[in-house]
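# Report on the structure
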Amino acid sequence: MNTNYHDDNGDEVDSMLCIPFSRLIKSGFIITKCSDNTVLFVNVGGEAVKEEGNCAISVVADRFFDGGDVLRTDERIIDAGDMPAIYQSARFGNFSYRFSNLSPGEYFVDLQFAEIVNINGPKGMRVFDVFIQEEKVVSALDIYSIVGANKPLQVVDIRVSVGLDGVVVIRFQGVCGSPVVNGICIKQASRVPDQEEHEYVICSNCDTEIEISSCQKQNIRIKSTAKLERKIEELKNLCQLKSEECYQAWMSLTAANEQLEKVRMELDNKYFQNLRLDQAMGKQAAKLKDISSRYEYDKKHWLASIRELERKVETMKQEHSQLSSEAHNCADSIPELNKMIFGVQALVAQCEDLKLKFSEEQAKRKKLYNQMQEAKGNIRVFCRCRPLSKEETSAGYATVVDFSAAKDGDLGILTGGSAKKIFKFDRVYTPKDNQADVFEDASPMVVSVLDGYNVCIFAYGQTGTGKTFTMEGTEQSRGVNYRTLEQLFKVVEERKETFTYNISVSVLEVYNEQIRDLLATAPASKRLEIRQASEGFHHVPGIVEAKVENIKEVWDVLLAGSNARAVGSNNVNEHSSRSHCMLCILVRAKNLINGECTKSKLWLVDLAGSERLAKTEVQGERLKEAQNINRSLSALGDVISALATKSNHIPYRNSKITHLLQDSIGGDSKTLMFVQVSPSEQDLGETLSSLNFASRVRGIELAPAKKQVDANEHQKFRLMVDKLKQELRSKDDALRKLEENLHTAEAKAKDKDQLCRNQQEKLSEVEVQLASKTELSRQLEKQVLRLSRGMKEKDEICSKFQLKVQEPENKLKDREHTASMTLQHKEQSTYSSEKLQVTPNMVSVLKAEKDSPNIRSLSSTTRTINVESELLKGTDSLRELRRKKQIQSKGSENSFNSFLLSAPLVDKRVPSAESNKARQIDPSKAFSRITRSGTKSVTTGQRAFSDNNFNRDQVRGGKESSSRLKMWLR
C-alpha cells in the first residue's frame, strides 16, 4: 500500500483508505505511468483537454455530475505533473457522479484532489467521505492536512465491480465542510492482485518507494505499540507523583484552616462583647432620637398648618378682589363692547374697500406695463454678432459689420467697397457685450409670463453664429434659458404673499420633422403629435413635464436635455445643432387676494442653423437633416410673411416648429427674436439673409397681448364668497351668545361676594384657634428642653457605669490567666508519670465532678453565651459558624463519657506526637467565650472543659487522618 507517509502515520492512512490495495500519491498525474486500459478520464469542473504525450488519453469535459458547484483558480499548482489544468478546476458541495454504459467486470477508479479554496488552512476545515456503489472507499479525507494548499493528491487503484447494468455511482459526502474533487479516471482492471499483500513506504530522505511485506509491516506496528506503552507508563508515574504532591498540599491546607478557625472563634468573642455595648448605647441613642424626632415632627406639623391657613386666607382675599374687579369690569365693558362691534364692522368694510382698490391698481399697473411693451412692438428683434474666431483671424478674413451706431439700434454691413447697408433693430449687441447684458433687455418679457401672458423667445441665424451659446450658455457663463428661470424664481419669491405659482419644464426637439422628448428615459412607443385642447391651446400628449422648485433642479433638467440633443459636424461648424431645441415653461398662477387664476407658457427656442447645401457639402443623413432644417425655417418665414401682410390664413401647420409656436408667435402673445450673425466677410451672404429675415419679423404688428385666464377658478371664487358670507352670519350668532354669557357672569359675581363674606367670618375663627395652638407649641418646647437636660445626665451616669464594668473585667482576665497556668502545671505532672491507672472509684469521682453544680453551671453558661451570640449575629456566614459551635458544645459531654469508658483500655505508652499536641492547646483560648461568668467555680470548669477538648481532639484527629489516608489510597 503506497501511503506516501512515514511509519508513525501509517495507522492514520489505513483508517482513511477503506479498500485494500488502494494508494495515496502526493504528486500530480504522470502520463508515462498511464496504461492503455483507461476507459474514461473526466476533468471535473472544467472543459475537455487535448491528448498529450505518447499515451492517448482523452480527457472529457464535466457532464456526468448531479449537484454541486464549480470552482476555478488561476494560481499555479505545485508538482502538478503532466496535466496541471485538471487541478485548476473542481466541483464542491454534496454531489455525485453517475457513469453508465460500462461493460460488466472489474475496474480501477483514480480520484484527483487539490485544495484550491482554503489555501491558508487550517487543518480540519474540509473533511469528507467518498462512496462508490454506496460503499465507503475513503473515510475522513483532509486534503490540507496531507499535502497543504495548491498541491495535488491522488487516491488510485480503488477496485470496483460493475454489474450487468453497466453503472458506476461515485458520491461525495461532507463530514466538516463541503467535499471537493478535481478529476476522475476509470480504468479496466488487468489482473487480480497476488495473495501476499505488499505495502510501500516512502523514504524520508530520498522519497523512494520501498516495498515491504506484511510481516515487516507487522513488526513495525509492534515496535510502535511498544513505544506507546512506554509513554503510557511514564505518564502513569508522572500522575502518581502529582497525586502525592496534591496530598501534601491538601494536608497543609487542612492545618491552615484549623488554625484559621481558632482565630475566627477568638474574633467572634471580641465582636460579641463590643456588640452588646453598642446595643446598650444604641438603645439610649434611639430613645433620645425618638423624643427629638417627635418634637421636630410636631413642630413641623404646627408650622405647616399655620402656613396653610395663611395661604388660604391670602387666596380668599385675592379671589374676593378679583371677583370684585371682574364684576365692575363686566358692568363697564357693556358700552365699550357695543363700540367694539361697530369698530370691527367698520374695519371689515374698510378692508374690503382696500382690497378692491389694490386689485384695481394692480390691474392698471399691468395694463400700463403691457401697453408700454406693445408700444415697442409685440415682436421685438435683438441682433447679436459673435467675434471673429481664431481660424478666421489666422486666415485673414476681414470684418464686414459696423457697430458705430449700435447704441441707437443701427447695424451697418459693408457690402463691398464703400457701400454700407443699414439695418434697424430694437437692440444691437457688439462682441464685447456679455450674457448678462443680453438678458437685461429680455427680462421684462420674462416677467410677463408670470402675469398670465404667452411669451416666445427664439434665436435665429446661420450655423456657427452662437445661437446655442446665447440660449443655453455654459456653466461659467449662463445663457437666456438658465437666467430666465432664475429670474422667474426671484419674482415668485417676491410675490409669495399675494400669489402662488406652480412651474413645470419640458424639453423637446424637432428633428427631421419629428418631435422627440429630451427628458424621456426611454424612447416613446408611439409618435408624439400636436393636439389642440378644449381650452384652445396646443399641447403634445405624453410629453414629460418636470416640476422644478429651485434653480439647481432647473440646471439638472437643462443639462439632461442638452446632452440628449442631436448634433453633427460639417464644413461650417464642427458641433452643429441638427434639430430645433425647444424649452417650454408652463406657469400656473393664483392671485390670493381676488382668487384669479392664470395658465401661461414661455417658449425658449434654439433654432437649427440656416445653411446653404453647396457651402456645407453634406451628404447622406446630414443632407436629409439639412433639407428638413431649411424646410422648417422656410415655413417659419412663410408664417412671418403672412403675419406681416395680415393674411386671413396663417400657415402654422406647414411645419412642426410653427405648429408648436402657434400660441406664442401670433395673435395675443409676446415674442422676442435674437438674430445671430457672423462678422466674417466669408459669411456675408448668410449674414445679409439673416438680417433681411429679422427686418421682416420686426415689421409685424400683432394684436394686443391677452392674459390667459384659467376659467376653472371662477367657480371656486364664487364658492369662496358664499363661504365667507356664511362665516359672517355665524359670527353674528356668536356675538349674541357672548352678551348672554355676560349677564350670567354678573349673577355669578354677586354669589361670590356673599361667599367671600362667609369666608371672612371663618377666617377670624381660624385666627383664634391659631393663637391657642401657638401657646401649646411653646409649652412643648419647654418640655423638650427639660428632657434633653435629663438625657445629658443619663449619659454621664452611663459613662461612669462603663468605667466600673471595666474594672471587674480586668480582674476576671487576671484570674483566667492564673487558672490556666495552674491547669497547665497539673497536666504536665499528670502525663509525666510512667503509669496511668484508672480505677472504678476514679470513674465515679469524675462522674460526680461532671454532675457537680460547677460543671452544670459552666455548660449552661456556655449554652447561654452561644444562644446570645447567635441572636446578635446578623449575617448568614456568622449564623453558620454559631451553628457549628453549638453542635460542638452539645457533643462535649458525649466525648467526656467516651473518655471515661475507654480509660482502662488505654495503652500505657501514649504516642508522643499526640501528647505534645494536647500540651500545646492554650486553655485560656478555650475559655475566652465565658467572660461573663462570675462564679467561684471557674477553675474547676476550665479544667473539665480543657480535658473534654483534649479527648475530642484526639478522637477527631485520628478519625480524620484515617479517612484522608483511605481517600488518597483510593
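Residues numbered from 1 in each chain as written. Predicted model: local features only at pLDDT ≥ 70, side-chain atom pairs only at ≥ 80, totals over all residues. Heavy atoms only, no water.

Under an unreviewed UniProt entry, the name given to the chain is Kinesin-like protein, and the organism recorded is Rubroshorea leprosula. The heading Sequence similarities (unreviewed entry) in the UniProt record of the chain holds the text "Belongs to the TRAFAC class myosin-kinesin ATPase superfamily. Kinesin family. KIN-14 subfamily." (UniProt positions renumbered as here; feature names shortened; annotations may be inferred.)

### Describing the overall build of the chain
If you tally the helices and strands in the chain, you get 20 helices and 32 strands. In the chain, the share of contacts with a sequence separation of at least 24, taken over all contacts with a separation of at least 6, comes to 74%. Accessible surface, the chain: about 57,800 Å² in total, of which carbon and sulfur atoms supply 53%. (Helix = DSSP H or I, 4+ residues; strand = E, 2+ residues; numbered from the N terminus. Contact = heavy atoms within 4.5 Å. Areas by Shrake-Rupley, 256 points an atom, 1.4 Å probe, with all protein chains shown as cover.)

### Comments concerning the side chain of S22
For S22, the position within the fold is in the loop between α1 (10–16) and β1 (23–25). By relative accessible area, which is 1% here, S22 ends up buried. A polar contact of 2.7 Å, which involves the side chain of S22, links it to the backbone oxygen of I19. (Buried < 20%, exposed > 50% of the residue type's maximum accessible area, 1.4 Å probe, protein only. Polar contact = N/O pair within 3.5 Å; in protein donor to acceptor, adjacent residues only side chain to side chain.)

### Notes on the pairing of strand β10 (residues 135–141)
As judged from the four bridges shared by strand β9 (residues 127–132) and β10, these two strands associate in the antiparallel manner. Note on β10: the bridge partner recorded for F128 is L141. Hairpin connection of β9 to β10: two residues between the antiparallel strands, including Q133 at a positive phi of 55°. (Pairing = 2+ DSSP bridges.)

### Some points on the nonpolar core
Ranked by internal contacts, the top residues of the largest apolar core, which has 52 residues, are F99, F113, I170 and F172. With residues up to four places along the chain from it excluded, the contact list for I170 reads S96, Y97, F99, V109, V130, F131, I132 and I184. The next biggest cluster of nonpolar side chains, apart from the first, holds 51 residues, and it includes F423, V510, L528 and I629. (Core = buried A, V, L, I, M, F, W, Y, C linked by side-chain atoms within 4.5 Å.)

### Topic: the packing of aromatic side chains
If you walk through the whole model with that rule in mind, you get 13 aromatic pairs. Pairing F382 with F674 gives two aromatic rings, centres 5.8 Å apart and planes at 70°, and the pair type is edge-to-face. Remark: F674 occurs in strand β32 (residues 670–677) and F382 occurs in strand β17 (residues 379–385); sequence separation between them is 292 residues. The class for F382 is buried, based on a relative accessible area of 1%. Taken together, the aromatic side chains of F64, F95, Y97, F99 and F172 make up a single cluster linked through ring pairs. (Phe/Tyr/Trp six-rings, centres within 6.5 Å; stacked < 30°, edge-to-face > 60°.)

### So, the confidence of the model for the chain
Looking at the chain as a whole, its pLDDT mean stands at 76, while 73% of the residues score no less than 70. pLDDT under 50 marks residues 833–878. Its contacts with residues more than four places away, or in other chains, come to 53 contacts. Low pLDDT, under 50, characterises residues 892–956; the predicted model gives this stretch 78 contacts beyond four residues in sequence or across chains. (pLDDT = per-residue confidence, 0-100.)

### Description of the sheet that holds β10
Strands sit in the order β4-β7-β12-β9-β10 across an open sheet of five strands; the sheet is antiparallel. Across the chains shown, the open sheet's two edge strands, defined by having one partner strand only, are β4 (65–66) and β10. Bridging between strand β7 (residues 95–99) and strand β12 (residues 168–176) involves five bridges; their strand directions are antiparallel. Note that in β12 the partner of Y97 across the bridge is I170.

### Some remarks on the sheet that holds strand β14 (residues 183–188)
With respect to topology, six strands assemble into an open sheet ordered β1-β11-β8-β14-β2-β3, the strand pairing being mixed. The sheet terminates laterally at β1 and β3 (59–60), the two strands that pair on one side only. Pairing of strand β8 (residues 105–114) with strand β11 (residues 152–162), which is carried by nine bridges, proceeds in the antiparallel orientation. Counterpart to F113 in the pairing with β11 is L153.

### As for the pattern of salt bridges
Using the criterion set out here, one finds 23 salt bridges in the structure. Two residues, K656 and E529, come together in a salt bridge whose shortest N-O distance is 3.0 Å. Of the two residues, K656 sits in helix α11 (residues 656–660) while E529 sits in the loop between β24 (514–517) and β25 (531–532), which places them 127 residues apart along the sequence. E529 gets classed as partly exposed once you look at its relative accessible area, which sits at 24%. Across the pair R778 and E775 runs a salt bridge whose closest N-O atoms are separated by 3.0 Å. With R778 and E775 both in helix α13 (residues 712–831) and three residues apart, the pair spans about one turn of that helix. For R778, a relative accessible area of 44% gives the class partly exposed. (Salt bridge = Lys/Arg side-chain N within 4 Å of Asp/Glu carboxyl O.)

### Considering helix α7 (residues 480–494)
With 15 residues, α7 extends 21 Å between its outermost C-alpha atoms, agreeing within 8% with the 21 Å of an ideal straight helix rising 1.5 Å per residue. Of all the residues in α7, the buried ones are V480, N481, Y482, T484, L485, L488, F489, V491 and V492. (Expected span 1.5 Å × (residues − 1).)

### Quick word on the packing of helix α5 (residues 435–450) against α7
The geometry of α5 relative to α7 is characterised by a closest axis approach of 9 Å and an angle of 50° between their N-to-C directions. Taken together, the axes of α5 and α7 lie oblique to each other. The interaxial crossing formed by α5 with α7 has right-handed handedness. Of α7, the residues touching α5 (which contributes Q435, A436, F439, V446, V447, V449 and L450) are V480, R483, T484, Q487, L488, V491 and V492. Of the residues that constitute the contact of α5 with α7, the class distribution is 10 nonpolar, three polar and one charged. (Axes fitted to C-alpha atoms, helices over the stretch in contact; angles between N-to-C directions. Parallel < 35°, antiparallel > 145°, perpendicular 65-115°, else oblique. Left-handed = near helix turned anticlockwise from the far one by under 90°. Nonpolar A, V, L, I, M, F, W, Y, C, P; charged D, E, K, R; others polar.)

### Comments concerning the packing of helix α10 (residues 621–644) against helix α12 (residues 684–698)
Axis angle and axis distance: for two packed helices, these are the angle between their axes and the distance between the axes, and together they describe the pair. At their nearest, the axes of α10 and α12 sit 9 Å apart, and the two run at 35° to each other. As for how α10 packs across α12, the hand of that crossing is left-handed. Judged by residue contacts, L636, G637, I640 and S641 of α10 engage F693, R696 and V697 from α12. Partitioning the contact of α10 with α12 into residue classes produces four nonpolar, two polar and one charged.

### Thoughts on the environment of L735
Counting through the fold element by element, L735 comes out in helix α13. In this structure the C-alpha to C-alpha distance between L735 and I341, which are 394 residues apart in sequence, comes to 8.8 Å.

### Some remarks on α5
If you check α5, its first and last C-alpha atoms are 23 Å apart, about what 16 residues at 1.5 Å a residue would give, namely 22 Å. Along its length, α5 reaches its greatest deviation from straightness, about 45°, at A442, and the proline P444 lies no more than four positions downstream. Within α5, burial applies to Q435, V438, F439, A442, S443, M445, V446, V447, S448, V449 and L450. The distance from a side-chain oxygen at the start of α5 to the backbone nitrogen of A436 is 3.3 Å, and the residue carrying that oxygen is N434. (Bend = angle between axes of the 7 residues up to and from the residue.)

### Regarding unusual backbone geometry
One non-glycine residue, F21, lies in the positive phi region at around 70°. Relative to the elements of secondary structure, F21 occurs in the loop between α1 and β1. For F21, a relative accessible area of 38% corresponds to the partly exposed category. Even without a glycine there, the phi angle at N150 is positive, about 55°. Structurally, N150 can be placed in the loop between α2 (143–147) and β11.

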